[in-house]
Amino acid sequence: MRSFRTLLWLEHRRSWVWAVSLLGSLAFWAWGIKQVLVMDAAERLGIRSGLLGLAAAIGAVILCLMIGRIRSETRHGQYQVLLLTPPSGYSHVAARYLYVAAVAVVYFVAIGFLYWWIAALAGIHLDSQSLFELILALPFYLMSVTMLPLLAWTLLLMVFISAYRISGPGWIPGTVMILGTPFVVRWLWDGIIRIAYSLPGWKLFTNAPYALIQRFGEIEEDVSVALNQGIYEGLPLEPMLILLAVSVVLLIAAGRIWQEVEA
Amino acid sequence: MLARMENVTKRYGTTEGVRGLSLDFPAGEVVGVLGLNGSGKSTMLKLLAGLLLPTEGSIRVFEAAPRASRARMVFLGETDTLWPWMTPSDAERFMAGLYEDFDTARFHELLDALEVPRRKTKAMSKGERGRLRLAMALARNAKFYLLDEPLAGIDLISREKILQSLVREWHTDEAILLSTHEVAEAEGLFDRVVYLRDGRLALDTSAEALRAEGKSVVQTFKEVLA
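Quick caveat, the model's predicted, so the values are computed rather than measured.

Reading the values: rules and limits
Residues numbered from 1 in each chain as written. Chains lettered and ligands numbered in written order. Predicted model: local features only at pLDDT ≥ 70, side-chain atom pairs only at ≥ 80, totals over all residues. Pairing = 2+ DSSP bridges. Helix = DSSP H or I, 4+ residues; strand = E, 2+ residues; numbered from the N terminus. Axes fitted to C-alpha atoms, helices over the stretch in contact; angles between N-to-C directions. Contact = placed C-beta atoms within 7 Å. Nonpolar A, V, L, I, M, F, W, Y, C, P; charged D, E, K, R; others polar. Core = buried A, V, L, I, M, F, W, Y, C linked by C-beta atoms within 7 Å. Buried ≥ 20, exposed ≤ 12 C-beta atoms within 10 Å, placed from the backbone. Left-handed = near helix turned anticlockwise from the far one by under 90°. Expected span 1.5 Å × (residues − 1). Arc of directions from axis to C-beta. pLDDT = per-residue confidence, 0-100.

With that settled, consider the sheet that holds strand β1 (residues 3–12) of chain B. Adjacent strands of a sheet form backbone hydrogen bonds with each other and so pair up, either parallel or antiparallel. All names here are of chain B. Pairing is antiparallel across the open sheet formed by 3 strands, whose spatial order is β2-β1-β4. For this open sheet the edge positions go to β2 (15–25) and β4 (56–61), each flanked by a neighbour on one side alone. Averaged over all neighbouring strand pairs, the angle between strand axes comes to 20°, with direction disregarded. Bridge analysis of β1 against β4 gives 5 bridges, and the strand direction is antiparallel. The residue of β4 that forms the bridge with Met-5 is Ile-59.

Turning to the sheet that holds strand β5 (residues 73–76) of chain B, a few remarks are in order. Residue and element names in this part refer to chain B. An order of β5-β6-β7-β3-β8-β9 is seen for the 6 strands of this open sheet, with the pairing classed as mixed. Both edges of this open sheet fall to β5 and β9 (200–206), since each of them pairs with a single strand only. Each strand of the sheet is rotated relative to its neighbour by a mean of 15°, with strand direction disregarded. Against the sheet, helix α1 (residues 41–49) makes contact with β3 (29–35), β5, β6 (144–148), β7 (175–179) and β8 (192–197), and its axis sits at roughly 150° relative to β6, the strand it touches most. Relative to β8, helix α8 (residues 217–225) is tilted by about 25°, and along the sheet it contacts β3, β8 and β9.

Turning to the interface of chain A and chain B, a few remarks are in order. At the junction of the two partners, chain A supplies 20 residues and chain B supplies 20 residues. A total of 8 residues in the side of chain A that touches chain B trace back to one element, the largest contributor, which is helix α1 (residues 2–34) of chain A. Grouping the amino acids of the side of chain A that touches chain B by side-chain chemistry returns 8 nonpolar, 7 polar and 5 charged.

Right, let's get into the nonpolar core. Counting 120 residues, the largest nonpolar core has Leu151(A), Leu155(A), Ala135(B), Leu146(B) and Leu177(B) as its most contacted members. Sort the elements by how many residues they give to this core and helix α6 (residues 128–164) of chain A lands first, with 18 residues. When residues no more than four places from it in sequence are discounted, the contact partners of Leu146(B) are Leu45(B), Leu48(B), Ala49(B), Met73(B), Val74(B), Phe75(B), Leu76(B) and Leu177(B).

All names here are of chain A. Put simply, helix α5 (residues 89–121) and α6 touch, their axes get as near as 8 Å, and they point 145° apart. Crossing of α5 over α6 shows right-handed handedness. Taken together, the residues that form the contact of α5 with α6 break down as 24 nonpolar, 1 polar and 1 charged.

What follows concerns α5(A). End to end, α5(A) covers 48 Å across 33 residues, agreeing with the expected 48 Å (1.5 Å per residue, within 8%). Looking at the residues trailing α5(A), positive phi occurs at Gly123(A), about 85°.

What follows concerns the environment of Lys203(A). All names here are of chain A. Within the element layout of this structure, Lys-203 appears in the loop between α7 (171–195) and α8 (208–216). Take Lys-203: there are 12 C-beta atoms within 10 Å of it, and that puts it in the exposed class. Spatially, the C-alpha atom of Lys-203 lies 6.2 Å from that of Leu-235, the residues being 32 residues apart in sequence.

All names here are of chain B. If you check which residues of helix α3 (residues 104–113) are buried, you get Phe-107, Leu-110 and Leu-111. Looking straight down α3, one finds its buried side chains confined to an arc of 100°; they lie on one side. More than 90 degrees from the buried face of α3, the exposed residues found are Ala-105 and Asp-112. Elements that come into contact with the buried residues of α3 comprise α2 (88–98), α4 (126–138) and α5 (156–169).

Turning our attention to the confidence of the model for chain B. Residue-level pLDDT values for chain B average 89, and 100% of them are 70 or greater. Model confidence for the complex is summarised by a pTM of 0.86, with the ipTM given as 0.86.

Structure (structure tokens):
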């Protein structure tokens, strides 16, 4: 346990500038949101939501760069030092993943708060359940189906490249891995679509439309019908469960490579 | 026996790093691993540390595969591996957190003895970083030390301090394998000398035997490897 704490500390010392910069960038986005002064309230809400979506996308890229760190990893043989330490490769991989995933959670929960804020600015007052769903449940769901597998894949790629030196003779398998990814993602996506809603959906934001009605007077008829007649199925659980499992498999593969690699 | 190499060959593609090495390393010896550039010294030490896997042959350290013995041996590589933000107290936290045999009091003594400044490594000279790395390595209560060129690129005064520390910190139940090009300076340390040439064992002899023949380690180095 002490060694794992030390690895987490090491991750923090190596990455805190990235983490603080990323979290600090939220102040910039909040300032940017306040600068949107379109007259129409719905349009203003839409633009502000779009800006936050952009913040989320940029944050995702920065988090991937943060977990990658290929150059700093191989420079001065620091990878060699870490390989020599007694904790297993799985511990090293888990510590790095956990640290970056924790930063991601803070970042996306903060973005959830910003969504709540722009909703409040637009005069939409969410009840406590919807607020909880916006700042915790939705970020958790979206991270499970996007960020967590993406970070795990990036970490695996980083370990693979560091281990087999993609710039040397190992570049062929590395390139195959990168080029093959879209096909694997497509195959995975098709599979998930096929089995989606085999389990009961996760019904988030069932109360939120009423807040919208309160603010804007009406909502589209099909949404209203879906809510009233119980047609709203919620978010499918299968993508979340499958992609969380995929993340674990990718992390195990990264840990295994770490165990086997030569410095 | 702390470590044993049996008929070990390591190939990098078509190039041979070492070939057919069979060596035993019991406790109680300081072994000089000597050879010209590219003779296989670093490869041999990395094989013993588990950083490389042998293409042929077998290596046992503490009766186990080298990687399984990482917690019980020290490897000090030739590359400067410290993070630029690290201070000696960061190094202490790193080592104490990852190695159970790390002795904090000994580390502080070594820092003082080696006159390591208490600042970030990026503000240290190469010699100061080398001394810090050595303090980190020697502050562990390990039994098997693999030191790959700890004197390389370090000024004369720092080299003397490092060698003095090695003498002071060495215990008879330990083994130290030291590869260096500073043969004349380190000569007095060695109990045994392993000369490598083109990845093969050229000579494995005790320093005592050399002295009995009226030869020095440096003289023999020139004779064997010239």
